[in-house]
Amino acid sequence: QICWNPRIWMDALTFGWTVEADIVPGLTDCLFIWGTNPVVCNSDAFLGHWIVEAMKRGSELVAIDPQLTWIASKARHWLRLRPGTDAALALGMMNVIINEDLYDHEFVDLWCYGFDALAERVQEYPVDKVAEITTVDAEDIKRVAHIIGTERPIGWAWGLAFDQNKN
(Lines give C-alpha, C1' and ligand atoms only; values in the text may rest on other atoms or scores of the structure.)
Protein backbone atom coordinates (compact mmCIF):
# COMPACT_ATOMS: atom_id res chain seq x y z
CA GLN A 1 0.00 0.00 0.00
CA ILE A 2 3.00 2.33 0.18
CA CYS A 3 4.33 2.09 -3.35
CA TRP A 4 2.79 0.16 -6.25
CA ASN A 5 -0.90 0.62 -5.41
CA PRO A 6 -0.67 4.43 -4.99
CA ARG A 7 1.40 4.62 -8.18
CA ILE A 8 -1.18 2.72 -10.21
CA TRP A 9 -4.08 4.76 -8.77
CA MET A 10 -2.22 7.99 -9.56
CA ASP A 11 -1.83 6.75 -13.13
CA ALA A 12 -5.49 5.83 -13.42
CA LEU A 13 -6.68 9.13 -12.00
CA THR A 14 -4.22 11.21 -14.02
CA PHE A 15 -4.11 9.36 -17.35
CA GLY A 16 -7.15 7.07 -17.27
CA TRP A 17 -4.94 3.96 -17.25
CA THR A 18 -1.46 2.94 -16.17
CA VAL A 19 1.35 4.27 -18.29
CA GLU A 20 3.88 2.16 -16.47
CA ALA A 21 5.85 0.15 -18.98
CA ASP A 22 6.17 -2.92 -16.79
CA ILE A 23 2.40 -3.30 -16.87
CA VAL A 24 2.06 -2.93 -20.65
CA PRO A 25 5.24 -4.34 -22.20
CA GLY A 26 5.54 -4.32 -25.96
CA LEU A 27 3.41 -1.25 -26.56
CA THR A 28 6.17 1.34 -26.67
CA ASP A 29 8.88 2.52 -29.06
CA CYS A 30 10.84 4.29 -26.34
CA LEU A 31 11.04 3.28 -22.68
CA PHE A 32 11.84 5.76 -19.92
CA ILE A 33 13.42 4.00 -16.96
CA TRP A 34 13.46 6.56 -14.15
CA GLY A 35 14.85 5.84 -10.70
CA THR A 36 14.62 2.07 -10.91
CA ASN A 37 16.75 -0.83 -12.04
CA PRO A 38 14.29 -3.59 -12.95
CA VAL A 39 16.90 -5.76 -14.66
CA VAL A 40 18.38 -6.46 -11.23
CA CYS A 41 15.36 -6.11 -8.97
CA ASN A 42 11.89 -4.65 -8.85
CA SER A 43 9.59 -4.55 -5.88
CA ASP A 44 6.57 -5.04 -8.15
CA ALA A 45 7.87 -8.49 -9.17
CA PHE A 46 8.13 -7.39 -12.80
CA LEU A 47 11.75 -8.23 -13.45
CA GLY A 48 13.65 -6.63 -16.29
CA HIS A 49 13.38 -9.38 -18.87
CA TRP A 50 10.59 -7.37 -20.49
CA ILE A 51 13.06 -4.52 -21.12
CA VAL A 52 15.42 -6.85 -22.98
CA GLU A 53 12.48 -8.19 -25.01
CA ALA A 54 11.35 -4.64 -25.87
CA MET A 55 14.90 -3.78 -26.95
CA LYS A 56 14.98 -6.86 -29.20
CA ARG A 57 11.82 -5.49 -30.88
CA GLY A 58 13.50 -2.14 -31.43
CA SER A 59 12.45 -0.07 -28.40
CA GLU A 60 15.01 2.47 -27.32
CA LEU A 61 15.77 3.38 -23.70
CA VAL A 62 16.13 6.63 -21.83
CA ALA A 63 17.65 6.10 -18.39
CA ILE A 64 17.35 8.68 -15.65
CA ASP A 65 19.48 7.49 -12.78
CA PRO A 66 22.52 8.65 -10.82
CA GLN A 67 24.16 5.25 -11.32
CA LEU A 68 25.55 3.72 -14.47
CA THR A 69 23.35 0.63 -14.52
CA TRP A 70 23.15 -1.98 -17.27
CA ILE A 71 20.06 -0.12 -18.54
CA ALA A 72 21.91 3.21 -18.56
CA SER A 73 24.79 1.63 -20.49
CA LYS A 74 22.34 0.51 -23.23
CA ALA A 75 20.30 3.72 -23.28
CA ARG A 76 19.96 6.17 -26.16
CA HIS A 77 20.22 8.84 -23.46
CA TRP A 78 21.41 8.52 -19.87
CA LEU A 79 20.63 11.48 -17.65
CA ARG A 80 22.94 11.11 -14.67
CA LEU A 81 21.22 13.46 -12.28
CA ARG A 82 22.33 14.40 -8.80
CA PRO A 83 20.37 12.27 -6.28
CA GLY A 84 17.23 13.98 -5.01
CA THR A 85 16.84 16.37 -7.96
CA ASP A 86 14.26 14.37 -9.93
CA ALA A 87 11.48 16.93 -9.43
CA ALA A 88 13.64 19.76 -10.74
CA LEU A 89 14.50 17.66 -13.80
CA ALA A 90 10.83 16.93 -14.44
CA LEU A 91 9.92 20.61 -14.11
CA GLY A 92 12.74 21.57 -16.47
CA MET A 93 11.59 19.08 -19.08
CA MET A 94 8.01 20.34 -18.73
CA ASN A 95 9.35 23.87 -19.22
CA VAL A 96 10.74 22.82 -22.61
CA ILE A 97 7.62 20.87 -23.60
CA ILE A 98 5.26 23.71 -22.71
CA ASN A 99 7.37 26.63 -23.97
CA GLU A 100 8.18 24.91 -27.26
CA ASP A 101 4.54 23.90 -27.71
CA LEU A 102 5.28 20.16 -27.81
CA TYR A 103 2.22 19.05 -25.86
CA ASP A 104 -1.15 17.73 -27.01
CA HIS A 105 -3.45 20.78 -26.84
CA GLU A 106 -6.62 18.78 -27.41
CA PHE A 107 -5.82 16.42 -24.52
CA VAL A 108 -4.96 19.31 -22.22
CA ASP A 109 -8.14 21.18 -23.14
CA LEU A 110 -10.37 18.16 -22.62
CA TRP A 111 -8.78 16.42 -19.68
CA CYS A 112 -6.39 18.59 -17.67
CA TYR A 113 -7.20 20.72 -14.66
CA GLY A 114 -4.62 23.26 -13.50
CA PHE A 115 -2.52 23.30 -16.65
CA ASP A 116 -2.23 27.09 -16.62
CA ALA A 117 -0.87 26.98 -13.08
CA LEU A 118 1.60 24.27 -14.11
CA ALA A 119 2.69 26.30 -17.14
CA GLU A 120 3.32 29.25 -14.83
CA ARG A 121 5.19 27.13 -12.27
CA VAL A 122 7.60 25.58 -14.78
CA GLN A 123 8.77 29.07 -15.78
CA GLU A 124 10.75 28.99 -12.52
CA TYR A 125 12.73 26.06 -13.94
CA PRO A 126 14.48 27.12 -17.16
CA VAL A 127 16.82 24.48 -18.54
CA ASP A 128 20.03 26.28 -17.54
CA LYS A 129 18.87 26.51 -13.92
CA VAL A 130 17.82 22.85 -13.95
CA ALA A 131 21.20 21.87 -15.39
CA GLU A 132 22.88 23.52 -12.39
CA ILE A 133 20.52 21.84 -9.91
CA THR A 134 20.71 18.36 -11.41
CA THR A 135 24.23 18.41 -12.94
CA VAL A 136 22.67 17.14 -16.19
CA ASP A 137 23.80 18.93 -19.35
CA ALA A 138 21.19 21.43 -20.55
CA GLU A 139 21.27 20.09 -24.12
CA ASP A 140 20.60 16.56 -22.84
CA ILE A 141 17.60 17.83 -20.88
CA LYS A 142 16.26 19.46 -24.04
CA ARG A 143 16.83 16.32 -26.14
CA VAL A 144 14.95 14.12 -23.70
CA ALA A 145 12.14 16.67 -23.35
CA HIS A 146 11.77 16.59 -27.14
CA ILE A 147 11.44 12.80 -27.04
CA ILE A 148 8.64 13.12 -24.49
CA GLY A 149 6.97 15.86 -26.51
CA THR A 150 7.25 14.38 -29.99
CA GLU A 151 7.82 10.62 -30.04
CA ARG A 152 4.96 8.16 -29.67
CA PRO A 153 4.33 5.79 -28.11
CA ILE A 154 6.58 6.00 -25.06
CA GLY A 155 6.40 4.01 -21.85
CA TRP A 156 7.51 4.70 -18.32
CA ALA A 157 8.92 2.57 -15.57
CA TRP A 158 9.63 4.27 -12.31
CA GLY A 159 10.40 2.91 -8.93
CA LEU A 160 10.51 3.54 -5.24
CA ALA A 161 12.48 6.73 -5.79
CA PHE A 162 9.14 8.25 -6.84
CA ASP A 163 6.85 6.36 -4.48
CA GLN A 164 8.75 6.78 -1.24
CA ASN A 165 9.92 10.33 -0.89
CA LYS A 166 9.05 13.26 1.35
CA ASN A 167 6.83 14.82 -1.34
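Now for a quick tour of the structure. Fair warning: this is a prediction, and the values are worked out from it, not measured in the lab.

### Describing helix H7 (residues 127-134)
- All buried positions along H7 are accounted for by Val127, Val130, Ala131 and Thr134. Down the axis of H7, the buried side of the element spans an arc of 105°, and every buried residue falls inside it. What points out from H7, more than 90 degrees from its buried face, is the exposed set Asp128 and Glu132.
- With its phi angle positive at about 70°, Thr135 sits one or two positions after the end of H7.

### Regarding helix H8 (residues 138-150)
- If you check H8, its first and last C-alpha atoms are 18 Å apart, about what 13 residues at 1.5 Å a residue would give, namely 18 Å.
- Within H8 the residues assigned to the buried category are Ala138, Ile141, Val144, Ala145, Ile147, Ile148 and Gly149.
- In this fold, the buried residues of H8 make contact with strand E1 (30-34), strand E2 (60-64), strand E3 (77-79), helix H4 (86-99), H7 and strand E4 (154-158).
- Measuring from the side-chain oxygen of the N-cap residue of H8 to the backbone nitrogen of Glu139 gives 3.0 Å; that N-cap residue is Asp137.

### Notes on the sheet that holds E3
- With respect to topology, four strands assemble into an open sheet ordered E3-E2-E1-E4, the strand pairing being parallel. This sheet does not close on itself; its edge strands, each paired only once, are E3 and E4. Across the sheet, the mean angle from the axis of one strand to that of its neighbour is 15°, orientation sign disregarded.
- Direction of pairing for E1 relative to E4: parallel, over a ladder of five bridges. Following the sheet pairing, Ile33 is matched in E4 by Ala157.

### Focus: the packing of aromatic side chains
- Within this structure, the stated rule accounts for one aromatic pair.
- On the basis of an interplanar angle of 45° and a centroid distance of 4.8 Å, the ring pair of Tyr103 and Phe115 is categorised as tilted. With Tyr103 in the loop between H4 and helix H5 (105-111) and Phe115 in helix H6 (residues 115-121), the pair connects residues that are twelve residues apart, well separated along the chain.
- According to the relative accessible area criterion, Tyr103 is partly exposed, its value standing at 22%.

### Focus: the packing of H4 against H8
- Relative to each other, H4 and H8 sit at 65°, their axes nearing to 9 Å. For the element pair H4 / H8, the angle class is roughly perpendicular. As H4 packs across H8, the resulting crossing turns out to be right-handed. Where H4 approaches H8, its residues Leu89, Gly92, Met93, Val96 and Ile97 are matched on the opposing element by Ile141, Lys142, Val144, Ala145, His146, Ile148 and Gly149.
- Partitioning the contact of H4 with H8 into residue classes produces eight nonpolar, three polar and one charged.

Parameters at a glance
- Residues numbered from 1 in each chain as written.
- Predicted model: local features only at pLDDT ≥ 70, side-chain atom pairs only at ≥ 80, totals over all residues.
- Heavy atoms only, no water.
- Buried < 20%, exposed > 50% of the residue type's maximum accessible area, 1.4 Å probe, protein only.
- Helix = DSSP H or I, 4+ residues; strand = E, 2+ residues; numbered from the N terminus.
- Arc of directions from axis to C-beta.
- Expected span 1.5 Å × (residues − 1).
- Contact = heavy atoms within 4.5 Å.
- Polar contact = N/O pair within 3.5 Å; in protein donor to acceptor, adjacent residues only side chain to side chain.
- Pairing = 2+ DSSP bridges.
- Axes fitted to C-alpha atoms, helices over the stretch in contact; angles between N-to-C directions.
- Phe/Tyr/Trp six-rings, centres within 6.5 Å; stacked < 30°, edge-to-face > 60°.
- Parallel < 35°, antiparallel > 145°, perpendicular 65-115°, else oblique.
- Left-handed = near helix turned anticlockwise from the far one by under 90°.
- Nonpolar A, V, L, I, M, F, W, Y, C, P; charged D, E, K, R; others polar.

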